[in-house]
Amino acid sequence: MTEKLTGRYISYKRFSSPTQATGDSLRRQKKLLDEFLNDHNLVHDRTEEDEKTSSFREKNAKTGGLKKILDLIAEGHFKSGDDQYYIIMESLDRLSRAEILKSVSLFIQIITSGVNIITLFDRHVYTKNADIESVNRAIGALSRAYDESAHKSKRQKELFDNKKEKAKRGFLITKKCPAWLRVVETGRICPITLEMDKIEVPERAFEVIPERVNIIKEIINLSIGGYGKKRICDYLNEKGYKS
């Protein structure tokens with residue numbers, strides 16, 4: 001795209017996992033937007049963000065920031081005046097990762113309303129006058145987005161099912177435990193199936209840490225004896241226990 005765009009834009013950003021909140025996702029999306037805006041004459045209309053929101057189950061389109069944009073489209077908000085409106089997003093997988101017919105339907109709903117979509121990673125503009133090449137481009141991107149999420153969902157379900165099966169058989173399924181326990185390997189092997197492949201992992205179990213158990217018992221006895229939190233802490237510090 002070489003021509004300078006004019007009109008108004010809606011910035012839309014989305015990320016799904018909590019870890020992305022402190023990661024690179026929003027920074028990357030903002031950087032791409034800033035670089036794009038430097039090359040065009042677009043006026044900001046609004047910004048919507050869907051944080052920790054999945055588009056695989058269409059949550060963003062049903063209850064999130066995208067839902068607000070869709071409601072405004074339905075109300076005719078973006079038809080006022082002569083301005084062209086653009087929803088700007090990193091890529092179409094920000095819009096949807098739902099099943100292909102649902103995601104394509106959402107895409108068509110937006111562009112046929114007269115609101116254009118710009119994807120920043122390739123600087124492509126989708127309009128209601130899109131040719132077959134542009135439509136196929138969108139379908140391909142949305143199809144890949146669904147396939148990626150469907151594969152991830154299937155893998156997560158398999159992992160969860162394996163954990164349930166291990167738990168039924170008495171195997172340890174987490175390393176998280178109280179400070180007076182530790183995780184040790186038992187020496188036995190635990191076979192699990194993941195995506196049709198059978199793999200073997202060491203069996204683990206919880207083991208009591210005797211010296212820490214003694215401290216816990218002492219804390220309980222002190223509490224029963226009427227000691228408060230501060231007094232118990234002072235007592236343990238005086239005895240040289242590590243907190």
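### Things to note about the overall build of the chain
Part 1 of the reasoning: Counting its secondary structure elements, the chain contains eight helices and seven strands.
Part 2 of the reasoning: Here the C-alpha radius of gyration of the chain, 27 Å, is well above what a compact globule of 243 residues would show, namely 18 Å.
Part 3 of the reasoning: Considering only C-alpha atoms, the chain reaches an extent of 80 × 50 × 30 Å along its principal axes.
Part 4 of the reasoning: Relative to its full complement of 243 residues, the chain shows a buried share of 34%.
Part 5 of the reasoning: For the chain, the share of sequence-separated contacts (at least 6 apart) that also reach a separation of at least 24 residues comes to 65%.
Part 6 of the reasoning: When the accessible surface of the chain is summed, it comes to about 15400 Å², and 51% of that surface belongs to carbon and sulfur atoms.
Part 7 of the reasoning: Between the averaged position of the 45 positive side-chain charges in the chain and that of its 36 negative side-chain charges there is a distance of 6 Å.

### Examining helix α3 (residues 65–74)
Residues three or four positions apart in an α-helix share a direction because the helix packs 3.6 residues into each turn.
Part 1 of the reasoning: For α3, the set of buried residues is G65, L66, I69, L70, L72 and I73. Buried residues of α3 fall within an arc of 160° about the axis and therefore sit on the same side.
Part 2 of the reasoning: Of the residues trailing α3, G76 is marked for its positive phi of about 80°.

### Considerations on the packing of aromatic side chains
Part 1 of the reasoning: The final tally for this structure, using the stated rule, is four aromatic pairs.
Part 2 of the reasoning: Here F107 and Y126 contribute two aromatic rings whose centre-to-centre distance is 5.2 Å and whose plane-to-plane angle is 85°, an arrangement assigned as edge-to-face. Remark: Y126 occurs in strand β5 (residues 124–126) and F107 occurs in helix α5 (residues 100–112); sequence separation between them is 19 residues. Across the pair, exposure class does not vary: F107 and Y126 are buried alike.
Part 3 of the reasoning: Ring centres of Y227 and Y235 lie 6.4 Å apart, and the angle between their planes is 80°; this geometry places the pair in the edge-to-face category.
Part 4 of the reasoning: What makes Y235 partly exposed here is its relative accessible area of 25%.

Rules behind the numbers
- Residues numbered from 1 in each chain as written.
- Predicted model: local features only at pLDDT ≥ 70, side-chain atom pairs only at ≥ 80, totals over all residues.
- Heavy atoms only, no water.
- Helix = DSSP H or I, 4+ residues; strand = E, 2+ residues; numbered from the N terminus.
- Rg over C-alpha atoms; globule rule 2.2 N^0.38 Å.
- Buried < 20%, exposed > 50% of the residue type's maximum accessible area, 1.4 Å probe, protein only.
- Contact = heavy atoms within 4.5 Å.
- Areas by Shrake-Rupley, 256 points an atom, 1.4 Å probe, with all protein chains shown as cover.
- Lys, Arg positive; Asp, Glu negative; His and termini not counted.
- Charge placed at Lys NZ, Arg CZ, Asp CG, Glu CD.
- Arc of directions from axis to C-beta.
- Phe/Tyr/Trp six-rings, centres within 6.5 Å; stacked < 30°, edge-to-face > 60°.

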